[in-house]
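Descriptive analysis of the structure
Each chain, letter by letter, is given below.
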2 protein chains.
Amino acid sequence: MSLIEIVISNEALGSLLIEELDVVGDVFKKHLHSSDDDVNDLCTHIERYRGKMLRPTLVILSSLAATGSYSRENLDDRHRVLAAVVEMIHMATLVHDDILDESDVRRGGATVNTLYGNDVAVMLGDYLISKSFHLCSTLGDPSINMALGEVTNTLCEGEVIQLQNKNDLDMKQDVYLDIVGRKTGSLIGACCRLGAVLGGGDDEHCEALRLFGIEMGIAFQIIDDVLDLMGKTEVTGKSVGRDLDLGKLTLPLIKLRDGLNSRDRDEFDRIVKSRDRSELVEQLDSSGALDQTMESARKIVATAQSRLEILPAGPARELLLELSRGVLTRHS
Amino acid sequence: MSLIEIVISNEALGSLLIEELDVVGDVFKKHLHSSDDDVNDLCTHIERYRGKMLRPTLVILSSLAATGSYSRENLDDRHRVLAAVVEMIHMATLVHDDILDESDVRRGGATVNTLYGNDVAVMLGDYLISKSFHLCSTLGDPSINMALGEVTNTLCEGEVIQLQNKNDLDMKQDVYLDIVGRKTGSLIGACCRLGAVLGGGDDEHCEALRLFGIEMGIAFQIIDDVLDLMGKTEVTGKSVGRDLDLGKLTLPLIKLRDGLNSRDRDEFDRIVKSRDRSELVEQLDSSGALDQTMESARKIVATAQSRLEILPAGPARELLLELSRGVLTRHS
């Protein structure tokens, strides 16, 4: 099951969440509206990028989980605005990521850079990030602006570190985990924490949800990187093999490399440099590196799940746990 | 004289402004600092982009002009933070603009995209914009975040509209003025207005300074576009001819085109399409289109200057008037 299917099929909260996400979608669309038609045409295209709505879902669920509530009365317009803001930030990163990755396909459709060129994609990403900060300001709470500003700083740092480590076949696992923590963990951690803050959670619960989010985000990114190596565009809905083509070493390859003796290491370098994905897929399978990678992701998810033990029991906490398990089994 | 030379040589305010801009530079540098060395190395390069510091200067001057003050006691850390924020926003647009314009040279040095590639330039621009919003949040005043969010929305819209009108040789003068108003006028207008707000100016004075800033910004951009057509890299310190090479019609060419009969118009289209800048320079001179463009800029500056009549007389107002005149005579 995909993550959104897990949400939809949840008996206690599925319909509440779907309705909330609908409202979030409306806030998103309304705020993206421009006085210029050209800009609006581009934003229509952007709708396609809105797929899983994982981050808005986590804002709302964390808000409910922080106090053990599962009633709509505990949600208000601030949650919906914050949920739209984090989705906008996420989409801005997708649009700019697709430039960096020279990707053609995203969510089964052509990317902005492919359709309109890199220059339009640069500006559209900027427009999204600007709109997200602007929408965030409407909450009237400088601490939320500040927190999300910190997250986007961290996110950009993660991307820069990743770019600077391109083609470094000696890159250590720690560096990889630092990059994905910044790139993916930081925003998801903020979704969970800020959702909890808006929901009236106490400091300890907000902090637990922040850590849960960071770790779930890291596991999510590890699986993303596995799918980029092992997956098929027809299934994932986006270009695959991009990391390898761009010389970005991800966890499966790091695990494979670290298990090699020095003679096999030369051969590994040759295969990576020749971008021979099918050969690597075979080795990842036969060497057990893929299993080790999945085991790492599982451990990170287990740690994430343990964070939630201090939260009040209830369907929101249950669904968060279920989603964190779903991160490991998703195929798209 | 360049704009910064006008500031330095001002008897009443020169030394105050230079000292203030030094502090702004420190705030800027300190806030851009990252925990990662790679990011810091890139930010060092960015220092080169900080040239005229026009926008910080306008924040401080407008703050003084709004109440007729010219004493340091009317300035505090909020002014310096705001000044650093607007310079960061401006520099983010420069880094991303250089990608859009495929420019090699900026302020006499290699651009980020040339030195490190478009991917790094995309992320560095994102980092700057993120840092600017984050620094802005430290002011603790959501209305300033909101105002600058609106400005960056408008700025991105201006860029998108410009991109969508590339290679449109029929583009009307109104569309051009709309683009430069959004791209350049909006941020300079906000610098003047928000500086005035922080300085304690009343609504009427803040609004007068906003309009002054927008119009000064439009005139500034018109001259920028003239210099891109007529200037030399050795003098302007940046790549020239980029607008023409990228099919961006600017005011001098629009004036030239609008003065042609239909037969000469075909010839104009041919010359523009062949990117024959030297031929265009000759025609801009001989047809009077260049003079008409300068006359348009002069009129806009005159309107801008008239906005300041309601402000209390004093050296800050005088220097704003002098800077607006300087916009017309600058060569870099």
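Residues numbered from 1 in each chain as written. Chains lettered and ligands numbered in written order. Predicted model: local features only at pLDDT ≥ 70, side-chain atom pairs only at ≥ 80, totals over all residues.

For chain A, the count of helices and strands is 17 helices and two strands. What you see for chain A is a C-alpha radius of gyration of 20 Å, in line with the 20 Å of a compact globule of 332 residues. Once local pairs closer than 6 in sequence are excluded, the contacts in chain A between residues at least 24 apart make up 76%. (Helix = DSSP H or I, 4+ residues; strand = E, 2+ residues; numbered from the N terminus. Rg over C-alpha atoms; globule rule 2.2 N^0.38 Å. Contact = placed C-beta atoms within 7 Å.)

Structural alignment of chain B on chain A gives an RMSD of 0.0 Å, achieved by rotating through 180° and translating 0.0 Å along the axis. In short, the pair behaves as if placed about a two-fold rotation axis. Every residue of chain B has its C-alpha some distance from the rotation axis, and the shortest such distance is that of P142 of chain B, at 2.9 Å. In this assembly, 100% of the residues forming the interface of chain B have copies in chain A that are likewise at the interface, indicating an isologous arrangement. (Least-squares fit on C-alpha atoms with pLDDT ≥ 70 in both.)

Residues and elements named next belong to chain B. Where helix 10 (residues 203-230) contacts helix 17 (residues 315-329), the axes come no closer than 8 Å and their chain directions differ by 25°. It follows from the interaxial angle that helix 10 and helix 17 lie roughly parallel. As for how helix 10 packs across helix 17, the hand of that crossing is left-handed. Along the contact surface, helix 10 presents F212, M216, A219, F220 and I223, while helix 17 presents L320, S324, V327 and L328. (Axes fitted to C-alpha atoms, helices over the stretch in contact; angles between N-to-C directions. Parallel < 35°, antiparallel > 145°, perpendicular 65-115°, else oblique. Left-handed = near helix turned anticlockwise from the far one by under 90°.)

The next thing to look at is the interface of chain B and chain A. In this complex, chain B contributes 37 residues to the contact, which on the side of chain A involves 37 residues. Those elements giving two or more residues to the side of chain B that touches chain A turn out to be helix 3 (37-46), helix 5 (77-100), helix 7 (118-137) and helix 8 (142-164) of chain B. Top element by residues in the side of chain B that touches chain A is helix 8 of chain B. It accounts for 14 residues. Split by residue class, the side of chain B that touches chain A holds 16 nonpolar, 13 polar and eight charged. (Nonpolar A, V, L, I, M, F, W, Y, C, P; charged D, E, K, R; others polar.)

Residue and element names in this part refer to chain B. Counting buried positions along helix 13 (residues 251-258) gives seven out of eight residues, so the element sits mostly inside the fold. Among all positions of helix 13, only L251, P252, L253, I254, K255, L256 and R257 are buried. Where helix 13 is buried, its residues touch helix 9 (173-198), helix 10, helix 14 (262-273), helix 15 (277-287) and helix 16 (289-307). (Buried ≥ 20, exposed ≤ 12 C-beta atoms within 10 Å, placed from the backbone.)

When the terminal C-alpha atoms of helix 9 (residues 173-198) of chain A are compared, their 35 Å separation across 26 residues agrees well with the 38 Å that a helix rising 1.5 Å per residue should span. Directly after helix 9 of chain A, the chain includes G200 of chain A, whose backbone phi takes a positive value near 90°. (Expected span 1.5 Å × (residues − 1).)

Let's shift gears to the packing of helix 3 (residues 37-46) of chain A against helix 8 of chain B. Between helix 3 of chain A and helix 8 of chain B, whose axes approach to 9 Å, the crossing angle comes to 95°. The pairing of helix 3 of chain A with helix 8 of chain B is recorded here as roughly perpendicular in orientation. Touching D38, V39 and L42 of chain A of helix 3 of chain A are E157, V160, I161 and Q164 of chain B, all from helix 8 of chain B. Residue composition of the contact of helix 3 of chain A with helix 8 of chain B, grouped by class: four nonpolar, one polar and two charged.

Along the chain, T293 of chain B falls in helix 16. For the pair formed by T293 of chain B and L253 of chain B, sequence separation is 40 residues and the distance between their alpha carbons is 9.1 Å.

What is expected of a backbone is that most residues other than glycine have negative phi and most peptide bonds are trans. Residues and elements named next belong to chain B. Phi angles above zero are rare outside glycine, and N167 is one such case at about 65°. With respect to the helices, strands and loops of the structure, N167 is situated in the loop between helix 8 and helix 9. A positive phi angle is found at R275, which is not glycine, with a value near 55°. Relative to the elements of secondary structure, R275 occurs in the loop between helix 14 and helix 15. Residue classification places R275 among the partly exposed residues on the basis of 13 C-beta atoms within 10 Å.

For the rest of this paragraph, the subject is the nonpolar core. Counting residues in each nonpolar core, the largest one holds 203 residues, and the members touching the most others are V85 and A219 of chain A together with V85 and A219 of chain B. Those residues within four positions of A219 of chain B in sequence are excluded, and the remaining contacts are A297, I300, V301, A304, V327 and L328 of chain B. (Core = buried A, V, L, I, M, F, W, Y, C linked by C-beta atoms within 7 Å.)

Once that is clear, we can look at the environment of V175 of chain A. All names here are of chain A. Relative to the assigned elements, V175 resides in helix 9. Taking the C-beta count within 10 Å as the criterion, V175 has 16 such neighbours and is therefore assigned partly exposed. When the C-alpha atoms of V175 and T111 are compared, they prove to be 29 Å apart, with 64 residues separating the residues in sequence.

Residues and elements named next belong to chain B. Note on placement: N74 falls in the loop between helix 4 (54-67) and helix 5. Placed eleven residues apart in sequence, N74 and S63 show a C-alpha to C-alpha distance of 8.1 Å. Leave out the neighbours within four places in its chain, and N74 touches S63, L64, T67, S69 and G199.

Detailed conclusions should not be drawn from predicted coordinates in areas where pLDDT is low. Residue and element names in this part refer to chain A. Here chain A averages 93 in pLDDT, and 100% of its residues register 70 or above. Confidence scores differ between elements of chain A, with strand 1 (residues 105-106) showing the lowest mean pLDDT of 75 and helix 16 (residues 289-307) the highest of 98. Model confidence for the complex is summarised by a pTM of 0.93, with the ipTM given as 0.92. (pLDDT = per-residue confidence, 0-100.)

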